[in-house]
Amino acid sequence: MLPLLGSLSDQVGRRPLLLALPCAALALRLVAVAVPAAPLLVASKVLMGAIVSSYFLLVGTSCADLFEDDGTALAALEGRSAAAWGAAYAVGMVAGGGI
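Residues numbered from 1 in each chain as written. Predicted model: local features only at pLDDT ≥ 70, side-chain atom pairs only at ≥ 80, totals over all residues. Heavy atoms only, no water.

1. Topic: the layout of surface pockets
The computed volume of the largest pocket comes to approximately 420 Å³. As for the largest pocket, its lining consists of 16 residues, and the residues nearest its centre are Ala25, Arg29, Met48, Ile51 and Val52. Among the secondary structure elements, those contributing two or more residues to the lining of the largest pocket are helix H2 (14-34) and helix H3 (38-66). For the lining of the largest pocket, the element with the most residues is H3, which contributes 9 residues. The residue inventory of the lining of the largest pocket, partitioned by class, reads 12 nonpolar, 2 polar and 2 charged. (1 Å grid on protein atoms, 1.4 Å probe; cavity = no way out; pocket = protein on both sides within 12 Å on 5 of 7 lines; lining within 4 Å. Points joined across faces, edges and corners; volume = space filled by probe spheres on them. Helix = DSSP H or I, 4+ residues; strand = E, 2+ residues; numbered from the N terminus. Nonpolar A, V, L, I, M, F, W, Y, C, P; charged D, E, K, R; others polar.)

Following this line, the structure appears as structure tokens:
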């Protein structure tokens, strides 16, 4: 799937996909909430895994496009990006436990 995504992002650009993937993830979550059947939940989790991994790939590729001439700045940006993803996960787990 990721090679297809790479070729699609080269054809249509990264921005449309960076906007479409979270919308697709939201739609999958809404469908899973509206119709809570086990096969649908399993299928939505599989598709969500593909969407999240695709989004990570596109974010990394977009960063590499922005800083293709400056490896140090790219490494710093990817480090900050990884820290933000990790912090968001941690905050989500804590907030989710409270809900």
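2. Points about the side chain of Ser54
Along the chain, Ser54 falls in helix H3. Since its relative accessible area comes to 1%, Ser54 is described here as buried. Here the side chain of Ser54 touches Ala50 through a polar contact of 2.7 Å, landing on its backbone oxygen. (Buried < 20%, exposed > 50% of the residue type's maximum accessible area, 1.4 Å probe, protein only. Polar contact = N/O pair within 3.5 Å; in protein donor to acceptor, adjacent residues only side chain to side chain.)

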